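Here is what each chain is made of, one letter per residue.
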Amino acid sequence: MTQITAEPQTSGHASGHGHADDHHSGEHAKYPFLAHHFETPAQQFDSAKLGMWLFLATEVLFFGALFVAYAVLRSRFPEVFSYASHYLDTVMGGVNTCVLIVSSLTMALAVYFAQRGKKFALVLCLWLTMGGAVGFLVIKYFEYTHKIHENLVWGPSFYVPPHSPEGEVEASVLAKAPAPAVNPVPAPTDPSATGLVSLAARPPADASAIKPAQSGPKGLGVWSAPTAAAAAAMEPQDPIPAEAPSDHLADPELPPNTHLFFAIYYAMTGLHGIHVVVGMIVIGMLIFRATRGDFGPNYYTPVDLVGLYWHIVDLVWIFLFPLFYLIH
Amino acid sequence: MSTVTAPRPHVVDHVDVPDNYLTHSRGFLSWILTLDHKRIGVMYMGAVLASFFVGGVFALLLRTELLTPGRTIVSADTYNQFFTLHGAIMVFLVIIPSIPAALGNFVLPIMLGAKDVAFPRLNLFSFWLWLAGAGFTLYSLAAGGFDTGWTFYTPYSTTTTTGGVIPVLTGVFILGFSSIFTGLNFIVTVHKLRPPGMTWFRMPLFLWALYSTAIIQVLATPVLAITLCLLIVERLLNIGIFNPSMGGDPVLYQHFFWFYSHPAVYIMIVPAMGIISELIAVHAHRTIFGYRFIAFSSIAIAMFSFIVWGHHMFVSGQSGLMNTIFSLISFSVAIPSAVKTFNWTMTLYKGTISLTAPMMYALAFLFLFTIGGLTGIHLATLNTDVHLHDTYFVVAHFHYVMMGSALIAMIGGLHHWWPKMTGKMYDEKLAIAGCIIIFVGFNLTFFTQFMLGSQGMPRRYYDYQPEFQIYHVISTIGSYVMGIGFLTTAVCFVQSLRSGAPAPANPWGGRSLEWQCASPPPHDNFKNTPRVGNPYDFSMLQWNPTTKGYDVDPVREAAAFAVEARNEQARGHA
């Protein structure tokens with residue numbers, strides 16, 4: 001093994017890989033889809049697949065942080081999660097789960113038919129997958145609008161627990177909407193004004209977590225006079241009329257911080273929904289290319305990769321469904 | 001562009017062909033739409049250096065403000081914006097993309113013997129993403145700036161009234177994806193585009209370092225991305241997940257942030273270590289000592305990087321058990337780092353050291369990284385950290401690592417590959433002068449900050465006690481000296497571009513594949529099949545005074561390959 005060469009044996013590469021039109025020899029002539037820097041279709045396929053798996057790893061971590069946030073919130077407020085989960089529609093969620101699983105099946109079949117060059121079946125399966133995606137989003141849309149209608153949303157616009165000390169503070173703030181200050185970090189000099197009441201009621205770990213911010217540098221200490229913009233940012237997005245509270249407000253069982261359940265619910269399902277929309281876009285592109293006849297036994301990489309992506313979108317939902325809908 | 005004039009058989013086969021990647025096609029569009037990794041690397045380098053200039057100006061401004069206690073040139077609020085911008089620009093726009101995206105893009109495929117990275121379009125796309133991210137960061141200035149610190153700690157970042165917070169968060173989110181796609185591209189390239197003969201253990205150590213970095217980029221950055229998303233949503237819609245007054249948890253934000261941002265400091269330092277492995281071996285003309293140890297220590301650092309983030313929260317109310325565990329794991333990062341440092345030193349020992357500018361930078365790195373690394377041990381120690389937390393000691397520590405090590409290595413690497421990238425040599429004396437001025441200025445600036453911090457001067461403060469002033473004055477003078485040093489280096493590079501002597505293919509005597517193609521490389525990297533051997537076996541190189549470069553002695557090369565083949569066979573039998 002004294003002659004070790006960097007170039008593989010395909011000798012047709014000695015000249016001009018730079019332009020697509022230069023591929024007049026060897027593998028490149030045989031496979032027009034083969035990019036200039038790959039030697040064989042297998043190498044190109046393997047590279048694309050590894051790249052896709054790495055991308056899926058980033059997706060797992062992308063959602064992973066939200067799952068961690070979910071775990072942290074749920075371990076801190078288990079009562080909130082078991083209570084608020086009742087407001088989710090298990091039937092709709094279950095139907096949606098089935099829709100997504102079926103669409104994953106049709107996607108897998110699409111890959112199968114692409115590999116075998118069955119164009120009609122491929123296009124049909126892609127359309128079915130697209131239908132699943134649309135169906136999922138339609139059901140999700142009804143779920144969301146129903147909850148928004150019932151005012152089951154995140155943040156201060158969520159209903160206020162009137163019987164808890166924190167609720168009283170929030171209720172008073174909500175009542176006089178543009179009122180002085182909802183300080184997320186209470187000024188150390190005035191503990192009674194805002195949420196510090198509730199902080200004092202919590203375990204000491206919370207209070208210590210706040211400390212560094214309280215004793216921030218001079219230039220940062222502008223808490224006593226938040227400007228109009230800050231007050232506006234803290235204002236409820238969709239405030240409930242104080243005189244007509246919804247039924248949920250009257251519930252004596254209502255635990256404080258229930259809004260956090262809906263915050264993480266909308267964050268996670270919303271991000272998942274965005275992924276479904278992206279999936280619809282790429283499946284649409286696949287439908288276009290498949291109808292044009294781009295795919296066959298030699299070349300089905302895009303179908304395969306989109307399939308992988310669609311499965312992970314499905315998989316994320318498989319975790320979301322029990323974690324939100326089935327915990328009571 | 002210039003080409004090499006004298007024929008040097010066996011190294012470059014097409015010396016008379018003027019076509020290279022710079023002249024292959026012309027016009028603005030041929031650059032901005034290029035799929036050539038070399039051009040993308042050069043564009044990254046230009047963009048990163050421009051950002052470095054901007055970040056540096058902010059650094060000088062804030063050092064000037066700190067000359068005297070109280071107001072010197074700007075108000076406290078403006079000062080807050082200065083240090084925030086300095087940090088955010090230097091971290092997200094400069095250091096993180098500097099080595100992987102700029103130098104790595106240029107060097108990685110050539111070193112590997114590949115024609116390009118695995119996904120050239122994705123590569124270009126990630127550069128565009130970088131531009132978009134930089135655009136948002138600039139726009140945040142127009143939108144009112146931001147004063148959150150580069151860490152965007154909640155709840156301040158969700159309530160501050162400066163208007164540029166959401167634009168900069170968006171910008172950093174986009175920059176994160178730029179970094180992810182670069183890393184993804186590099187991992188696939190190293191796995192799938194290694195030509196026959198290029199085994200894992202024939203890869204130059206810079207490739208090992210870039211590979212390790214890419215793993216961190218791909219696995220850590222998504223967490224930052226989702227964290228910034230949550231922060232944007234928190235600020236826009238007030239969802240309260242990080243807001244303590246709504247039952248949320250600001251420390252959760254810190255965990256998320258450091259789960260990315262601690263690995264991110266290894267995104268900065270690991271490729272820098274890879275550069276140093278190249279610089280020291282090539283410019284000491286001696287086989288790298290402990291190749292496999294250096295290679296695996298890069299991987300080890302990448303692994304450790306994910307399990308030490310908690311040491312940023314020793315005083316954030318983390319439990320004592322967690323603190324102890326994180327402290328212990330943080331200590332253990334010292335092991336792979338020291339493995340590298342000792343191996344570099346051993347490579348220098350009895351080497352034939354050429355005191356070129358790259359070697360000067362490598363020596364500066366060794367010195368500065370040792371200080372930066374060992375002061376990290378101070379900070380990983382629980383009880384000293386409680387004293388030193390959020391003081392200038394921390395500032396000095398991470399500047400020794402991020403700037404004194406990562407950026408110094410980047411500039412050293414830029415000198416090293418400059419002849420390859422541009423086809424021009426630079427003025428060695430001027431470059432060395434620049435290096436020495438930077439080195440002196442750096443130590444003046446930041447060593448004093450160790451003293452400041454250990455005496456209790458908190459970081460990020462606008463005002464300070466009069467007894468600290470002498471240190472602040474020395475530090476500020478040092479920063480000016482450093483500025484002069486960087487100007488000198490810039491002059492050196494501009495001079496080289498205007499009137500530098502044509503570069504030979506192998507000006508330093510390197511053996512990795514990039515030194516076997518012309519300077520600058522042709523569009524598709526290799527016209528002639530390069531031979532892949534041990535990248536650190538310099539025995540067959542000899543100085544050619546007419547080209548001022550190194551040639552391969554065919555007889556000695558054949559002997560070296562024969563020896564290597566025999567060793568391989570012996571290893572196979574054993």
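Preceding this section is the structure that the text describes.
So, a few notes on the structure that sits alongside this text.

Conventions and cut-offs
- Residues numbered from 1 in each chain as written.
- Chains lettered and ligands numbered in written order.
- Predicted model: local features only at pLDDT ≥ 70, side-chain atom pairs only at ≥ 80, totals over all residues.
- Helix = DSSP H or I, 4+ residues; strand = E, 2+ residues; numbered from the N terminus.
- Rg over C-alpha atoms; globule rule 2.2 N^0.38 Å.
- Buried ≥ 20, exposed ≤ 12 C-beta atoms within 10 Å, placed from the backbone.
- Contact = placed C-beta atoms within 7 Å.
- Core = buried A, V, L, I, M, F, W, Y, C linked by C-beta atoms within 7 Å.
- Axes fitted to C-alpha atoms, helices over the stretch in contact; angles between N-to-C directions.
- Parallel < 35°, antiparallel > 145°, perpendicular 65-115°, else oblique.
- Left-handed = near helix turned anticlockwise from the far one by under 90°.
- Nonpolar A, V, L, I, M, F, W, Y, C, P; charged D, E, K, R; others polar.

A short note on the overall build of chain B
Now for step 1: For chain B, the helix and strand inventory stands at 17 helices and 2 strands.
Now for step 2: The C-alpha radius of gyration of chain B comes to 24 Å, within 12% of the 25 Å expected for a compact globule of 574 residues.
Now for step 3: C-alpha atoms of chain B, sized along the principal axes, occupy 75 × 55 × 45 Å.
Now for step 4: In chain B, which comprises 574 residues, the proportion classed as buried is 60%.
Now for step 5: The contacts of chain B with a sequence gap of at least 6 include a subset with a gap of at least 24, amounting to 83%.

A closer look at the nonpolar core
One recurring pattern in soluble globular proteins is that nonpolar side chains are buried together.
Now for step 1: Ranked by internal contacts, the top residues of the largest apolar core, which has 241 residues, are A:I264, B:M268, B:Y361 and B:A406.
Now for step 2: For B:Y361, the residues in contact, after removing those within four places along its chain, are B:L279, B:I408, B:A409, B:I411, B:G412, B:H415 and B:C435.

So, the packing of helix α12 (residues 357-380) of chain B against helix α14 (residues 392-422) of chain B
Residues and elements named next belong to chain B.
Now for step 1: It is the contact of α12 with α14, at a shortest axis distance of 8 Å, that shows an interaxial angle of 160°. As far as their axial angle goes, α14 and α12 are roughly antiparallel. Two packed elements cross with a definite hand, and for α12 against α14 that hand is left-handed.
Now for step 2: When the residues that make up the contact of α12 with α14 are grouped by side-chain class, the tally is 16 nonpolar, 10 polar and no charged.

Here we look at the environment of B:T370
Now for step 1: Note that B:T370 resides in helix α12.
Now for step 2: Separated by 35 residues in sequence, B:T370 and B:S405 have C-alpha atoms that sit 9.1 Å apart.

Observations concerning unusual backbone geometry
All names here are of chain B.
Now for step 1: In this structure, the amide linkage connecting T154 to the following residue, P155, adopts the cis form with an omega of -5°.
Now for step 2: Relative to the elements of secondary structure, P155 occurs in the loop between α4 (120-142) and α5 (156-159).
Now for step 3: Of note, N238 is a non-glycine position whose phi angle comes to about 60°, a positive value.
Now for step 4: For N238, a count of 23 C-beta atoms within 10 Å puts it in the buried group.
Now for step 5: Even without a glycine there, the phi angle at D390 is positive, about 60°.
Now for step 6: Among the secondary structure elements, D390 is positioned in the loop between α13 (382-388) and α14.

Purely spatial values, then, with no claim about function.
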